[in-house]
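# Examining the three-dimensional arrangement
Here is how the chains run, residue by residue.
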Amino acid sequence: MALMRCDFFSEALELSTSMTVILPQETTTQIGMSGAARESGAPVLYLLHGLSDDDTIWLRRTSIERYVSTLGLAVVMPAVHRSFYADEAHGNRFWTFLSEELPSLVDRFFKVSTRREDTFVAGLSMGGYGAVKWALRQPERFAAAASLSGALDVANPGMREGRPELMDRVFGGEVRGTDNDLLWLLEQTAKSGRQLPALHVSCGTEDGLMHHNHAFVDTAHRLDVPVTVEFEPGEHEWGLWDRKIQDVLRWLPLS
């Protein structure tokens, strides 16, 4: 694998920012690990971080580079700070950066596929929210999307009660019934007739966000939207996420 920290300027954010990128490399003589790569553009996983983290966190807390080495899969991990992957009400345009500018730059900088069947998104906590939001707003972009312990119901009043200043800065007023509300967005996208990506939702049963995940899964079942669900004992912590990202990688429909 090739690993790089890419520092670049974002027009959407009007500032310099970073992404950490793993690129596939075919290897046969590396001790303890082999690598695979395609002749054509590599499939790509956009892997999103949580509220307290940055673009380096998946590398620092898991063995994601080792897990993808034989898959020929590129992994793109952008930095979005505490933005909930949104165009903030009182801040910056992180949704525009994520959904429009970032894929264009990745395509320009790296040899990756742009085909829907080769493009995936996943994330943990705030990043789980971002991954599902991106997949539901732009279902034509992704073959699959996964949330690990995601904050999947940010319209829940408990979110604003727990972090009022953050929620006001990011979302402004009411979230329910807007395209930042994943339960509403799931219903709108499902009823639109657009082809949804495959969805994967996992969470620890002792996690404080478990009720968010139940709400999302219940909505999906009511709408007859297929979703792979993996709820198991665990809290909001990296031991669980290190295990579950391996499950997600096995689940991805890699050709």
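Residues numbered from 1 in each chain as written. Predicted model: local features only at pLDDT ≥ 70, side-chain atom pairs only at ≥ 80, totals over all residues. Heavy atoms only, no water.

Here we come to the side chain of Asp153. Relative to the assigned elements, Asp153 resides in the loop between strand E6 (144-148) and helix H5 (157-162). For Asp153, a relative accessible area of 6% puts it in the buried group. Polar contacts involving the side chain of Asp153 include one to the side chain of Arg176, which spans 3.2 Å. Every residue in contact with Asp153, bar those within four places of it in the chain, is listed here: Met159, Arg176, Leu183, His212 and Ala215. (Helix = DSSP H or I, 4+ residues; strand = E, 2+ residues; numbered from the N terminus. Buried < 20%, exposed > 50% of the residue type's maximum accessible area, 1.4 Å probe, protein only. Polar contact = N/O pair within 3.5 Å; in protein donor to acceptor, adjacent residues only side chain to side chain. Contact = heavy atoms within 4.5 Å.)

Residues separated by three or four positions in an α-helix point in the same direction, a consequence of the helix having 3.6 residues per turn. Helix length check: helix H4 (residues 126-137) (twelve residues) gives 16 Å between terminal C-alpha atoms against 16 Å at 1.5 Å per residue, within 8%. Of all twelve residues that make up H4, twelve are buried, and the element is covered over most of its length. Along H4, the residues classified as buried are Met126, Gly127, Gly128, Tyr129, Gly130, Ala131, Val132, Lys133, Trp134, Ala135, Leu136 and Arg137. (Expected span 1.5 Å × (residues − 1).)

Enumeration over the complete set of coordinates arrives at ten aromatic pairs. A centroid spacing of 6.2 Å and a plane angle of 15° characterise the contact between Phe8 and Phe97, whose relative ring orientation is stacked. Placement of Phe8 in strand E1 (residues 2-10) and of Phe97 in helix H3 (residues 94-109) is noted, with a sequence separation of 89 residues between them. Among the aromatic residues, those joined into a ring-pair cluster are Phe8, Phe97, Phe109 and Phe110. Positioned above the aromatic ring of Trp95 is the side chain of Arg137, whose terminal nitrogen or guanidinium carbon lies 4.3 Å from the ring centre. (Phe/Tyr/Trp six-rings, centres within 6.5 Å; stacked < 30°, edge-to-face > 60°. Lys NZ or Arg CZ within 6 Å of the ring centre and 35° of its normal.)

Between H4 and helix H7 (residues 182-192), whose axes approach to 10 Å, the crossing angle comes to 25°. When the interaxial angle is binned, H4 and H7 end up roughly parallel. The two elements H4 and H7 cross, and the hand of that crossing is left-handed. Facing H4, whose interface residues are Tyr129, Val132, Lys133, Leu136 and Arg137, H7 presents Leu182, Leu185, Leu186 and Thr189. Here the residues of the contact of H4 with H7 are counted per class, giving six nonpolar, one polar and two charged. (Axes fitted to C-alpha atoms, helices over the stretch in contact; angles between N-to-C directions. Parallel < 35°, antiparallel > 145°, perpendicular 65-115°, else oblique. Left-handed = near helix turned anticlockwise from the far one by under 90°. Nonpolar A, V, L, I, M, F, W, Y, C, P; charged D, E, K, R; others polar.)

As a further point, take H7. What H7 keeps buried is the set Leu182, Leu183, Leu185, Leu186, Glu187 and Thr189. Next to the buried residues of H7 lie H4 and helix H8 (210-222). Residue Asp181 occupies the N-cap position of H7, its side-chain oxygen lying 3.2 Å from the main-chain nitrogen of Leu183.

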